[in-house]
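# Chain and residue survey
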Amino acid sequence: MSRIVGITCLSSGMVINAAMGPYKGKGGSEHALFRTLLSDLEQGDILLGDALYGSYYVLAECLERGIDVVFQQNGGRKRTTDFRRGKHLGSKDHLIRIKKPVQRPGWMSAEHFRNLPAEIVIREVALESKVLITTLNDATQVPREALKALYRSRWHVELDIRNIKTTLGMETLTCKTPEMAEKEMWVYLLAYNLIRILMAQSAALSDVLPRALSFKHALQIWNAWSCRLASGYSQADLVELLVLIALRCVGNRPGRVEPRAVKRRSKPTPLLTRPRHEAQADIRKNGHPPKQREWNRSGQQQERL
């Protein structure tokens, strides 16, 4: 099993970079993989993330690089948040100080640990059922409603993950070795970014935002267009492609709530957990299990009907 952590561009949806590692063991945690991606961010960038990344070390590293962050407050700290303390900025909006932990983590060098600030100042804001932490400490320049709208847009990354895994098909890899599986994932990310480039060009041509266009529609148009013009295309053909991509826009549905459930039931076929030739030999010797024989008969009967 592999773990992958990536950073996507909020405006275009493109994957800026990603880091892959083992699901378990040293160097495989999300924080460890995320730290390798910080060099891809530039001073002045704003990083959105979930509650996992709201630790002192991530906040201090981002502040040192001139990167602002907006994270959801960690569940443990959320329970102890007291808006009566710190510098009051508004209703359930204040500045607090987070002290550096006493013990140095094993992955950090002693010199790096000594150079970290003794404390950092961050902002805590309560928005409905969430508490956000951010380094955008000026409440006049960044009011709470702006923070709310900004963090709500973080949901785009969940849609990006769905497009990569489900729409493109990366949720089921075909390679059999870790090295080839990693290459396969990089090819998926490359194909994803190529479609996003087409969407950005189409959005610029049609004077709309790239996020307003449908990724699946763009992918379907590209597949049909590339098959029809496999031998070559002209500039007029490329413009026609970009115009077609911009024909389908996604709906603006802020605050949408949907159940995390599927209507389609999976087939009751058991998983193949051993080599195929061993399973075939066992069937020839002992036949299908009782439940499997019953399902096979019903499936054949449905096909006849």
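Residues numbered from 1 in each chain as written. Predicted model: local features only at pLDDT ≥ 70, side-chain atom pairs only at ≥ 80, totals over all residues. Heavy atoms only, no water.

### Here we look at the overall build of the protein
This is how the line gets drawn: Helix and strand definitions here come from DSSP, where helices need a minimum of 4 consecutive H or I residues and strands a minimum of 2 consecutive E residues; each element is numbered from the N-terminal end. Between the two quantities, the radius of gyration covers C-alpha atoms and the globule rule is 2.2 Å times the number of residues to the power 0.38. Residue contacts are counted whenever heavy atoms from the two residues lie within 4.5 Å of one another. To be clear on the numbers: accessible area is Shrake-Rupley with a 1.4 Å probe, and residue cover counts the displayed protein chains and nothing else.
Within the protein, the secondary structure is distributed over 11 helices and 8 strands. Here the C-alpha atoms of the protein give a radius of gyration of 25 Å, more than 25% beyond the 19 Å that 2.2 N^0.38 yields for 305 residues. Structurally, the protein occupies a C-alpha span of about 75 × 60 × 40 Å along its principal axes. Once local pairs closer than 6 in sequence are excluded, the contacts in the protein between residues at least 24 apart make up 53%. When the accessible area of the protein is evaluated, it comes to approximately 20500 Å², of which 54% is carbon and sulfur surface.

### Description of the pairing of strand β7 (residues 119–127)
Condition: Exposure categories follow from relative accessible area, calculated using a 1.4 Å probe and restricted to protein chains: below 20% of the type maximum is buried, above 50% is exposed, and the middle band is partly exposed. We treat two strands as partners when DSSP finds at least two bridges between them.
The element β7 is largely enclosed, with a buried count of 7 among its 9 residues. Pairing between strand β6 (residues 93–99) and β7: 7 bridges, direction antiparallel. Looking across to β7, one finds that Leu95 is bridged to Arg123. Sheet topology places β7 next to strand β8 (residues 130–134); 5 bridges connect them, and they run antiparallel. Paired with Arg123 across the strands is Thr134, a residue of β8. Joining the antiparallel neighbours β7 and β8 is a turn of 2 residues, in which Glu128 adopts a positive phi near 55 degrees.

### Side note on the packing of aromatic side chains
Under the convention used in this document: Only Phe, Tyr and Trp rings take part, Trp by its six-membered ring, and two of them pair if their centres are within 6.5 Å. Stacked means planes under 30 degrees apart, edge-to-face means over 60, and tilted covers everything else. We call a charge positioned above a ring when the Lys NZ or Arg CZ atom is no farther than 6 Å from the ring centre and deviates by at most 35 degrees from the ring normal.
Taken as a whole, this structure holds 7 aromatic pairs when the rule is applied. A centroid spacing of 5.0 Å and a plane angle of 50 degrees characterise the contact between Phe34 and Tyr53, whose relative ring orientation is tilted. In this pair, Phe34 sits in helix α1 (residues 30–35) while Tyr53 sits in the loop between β3 (46–49) and α2 (56–64), placing the two residues 19 residues apart along the sequence. Exposure remark for Phe34: the relative accessible area of 4% places this residue in the buried category. Geometrically, the ring pair formed by Tyr53 and Phe71 is tilted, given 6.4 Å between the ring centres and 45 degrees between the ring planes. In this pair, Tyr53 sits in the loop between β3 and α2 while Phe71 sits in strand β4 (residues 68–72), placing the two residues 18 residues apart along the sequence. Of the two residues, Tyr53 and Phe71, both sit in the buried class. Three or more aromatic residues joined by ring pairs form one cluster here, namely Phe34, Tyr53 and Phe71. Over the aromatic face of Trp107 sits the side chain of Arg35, whose NZ or CZ is 3.5 Å from the ring centroid.

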